Amino acid sequence: MQYRVVKNGIFKSIQGEGYNVGRNAIFIRLAGCNMMPRCSFCDEHFDEYIIMTEEEIYKKVKRLSPSNFIVITGGEPTIQKLNKLVKKLQKNGYTVALETNGLLKPDCEFDWVTCSPKTDNLEQQQVDELKFVVDKDKDKMLQYIESIKENVSSRYVYLQPKSNEIQNIQTALELISDNPEYRLSMQLHKIIGIL
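Being a predicted model, the structure only gives us computed values, none of them experimental. (Residues numbered from 1 in each chain as written. Predicted model: local features only at pLDDT ≥ 70, side-chain atom pairs only at ≥ 80, totals over all residues. Heavy atoms only, no water.)

A. Quick peek at empty space enclosed by the protein. All chains considered together, the criterion is met by 1 cavity of 30 Å³ or more. As for the largest cavity, its lining consists of Gln-15, Glu-17, Asn-20, Phe-69, Val-71, Ala-97, Glu-99, Trp-112, Thr-114 and Glu-129. Secondary-structure elements contributing two or more residues to the lining of the largest cavity are β4 (69-73), β5 (95-100) and β6 (112-115). Taken together, the residues of the lining of the largest cavity sort by class into 4 nonpolar, 3 polar and 3 charged. (1 Å grid on protein atoms, 1.4 Å probe; cavity = no way out; pocket = protein on both sides within 12 Å on 5 of 7 lines; lining within 4 Å. Points joined across faces, edges and corners; volume = space filled by probe spheres on them. Helix = DSSP H or I, 4+ residues; strand = E, 2+ residues; numbered from the N terminus. Nonpolar A, V, L, I, M, F, W, Y, C, P; charged D, E, K, R; others polar.)

This is the structure in structure tokens:
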């Protein structure tokens, strides 16, 4: 099986968002997305990619260890067949997380699933965490979050201020104040200036 991997898209860093924030992680950033046009806040450059096999990916991951936490992200990773890659990583002792927009169901089981919805037509029905990119329109955001929560169950709900902008941070804090089950997720990696 071959995968489209973003150029320089396998790297070690910390998880900068959500429940696993601050955790040592190896990222596998896959190319391509099923959201067209792209989201206005998309900061990924996945038009340039290389083709790799699961064995090549595994060897690169192994060289980046020690870390036993893998985050498969994109673009949108579920547009590629992930079963062989994920099984190989799990078989070799890695915990494998998925970051998805939820439009497609993955073809395998992950240890952790983060869904950051961008539209209402979600295939995912159960995830570990929902992560919403929050802008300044509080009422619209609350309505959208609640509509997604009606169809997708999650252990956690994170609000991530769009681009870490102050007005979006304020909206997230107001929503959390009114809904104590929501949690704040800042993009820590961007705040401290790393990948």
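B. Quick look at the sheet that holds strand β8 (residues 153-161). Sheet architecture is open: 9 strands sit in the order β3-β1-β2-β4-β5-β6-β7-β8-β9, paired in mixed fashion. Of all the strands in the sheet, just β3 (49-53) and β9 (182-184) have a single pairing partner and so form its edges. In this sheet, neighbouring strand axes are inclined to one another by 35° on average, regardless of whether the strands run parallel or antiparallel. Together, β1 (2-14), β2 (24-30), β3 and β4 form the strand contacts of helix α1 (residues 54-64), whose direction differs from that of β1 by roughly 10°. (Pairing = 2+ DSSP bridges. Axes fitted to C-alpha atoms, helices over the stretch in contact; angles between N-to-C directions. Contact = heavy atoms within 4.5 Å.)

C. Representation of a nonpolar patch on the surface in the model. On the surface, Ile-191, Ile-192 and Ile-194 cluster together into a nonpolar patch covering about 270 Å² of accessible area. With respect to the helices and strands, Ile-192 occurs in the segment after α5 (188-191). (Patch = residues over 30% accessible without salt bridge, like charges linked within 9 Å, V, L, I, M, F, W, Y side chains within 5 Å. Areas by Shrake-Rupley, 256 points an atom, 1.4 Å probe, with all protein chains shown as cover. Salt bridge = Lys/Arg side-chain N within 4 Å of Asp/Glu carboxyl O.)

D. Fine view of the pairing of β8. The pairing of strand β7 (residues 126-134) with β8 spans 8 bridges and is parallel. Bridge pairing in β8 links Gln-126 to Ser-153. Between the parallel elements β7 and β8, the chain passes through helix α3 (residues 138-151) in a crossover that is right-handed. Of the strand pairs in this sheet, β8 and β9 are connected by 3 bridges, and their pairing is parallel. When the sheet's bridge partners are listed, Tyr-158 is paired in β9 with Arg-183. Crossover handedness for the path β8 to helix α4 (residues 166-178) to β9: right-handed. (Right-handed = clockwise from strand over helix to strand, strands pointing away.)

E. Molecular detail of the packing of α1 against helix α2 (residues 83-91). Relative orientation of the contacting elements α1 and α2 amounts to 35°, with a least axis distance of 10 Å. Our pair here, α1 against α2, has a crossing hand that is right-handed. Within the contact between the two elements, α1 uses Glu-54, Glu-55, Ile-57, Tyr-58 and Val-61 and α2 uses Lys-84, Leu-85, Lys-88 and Leu-89. Of the residues in the contact of α1 with α2, the class split is 5 nonpolar, no polar and 4 charged. (Left-handed = near helix turned anticlockwise from the far one by under 90°.)

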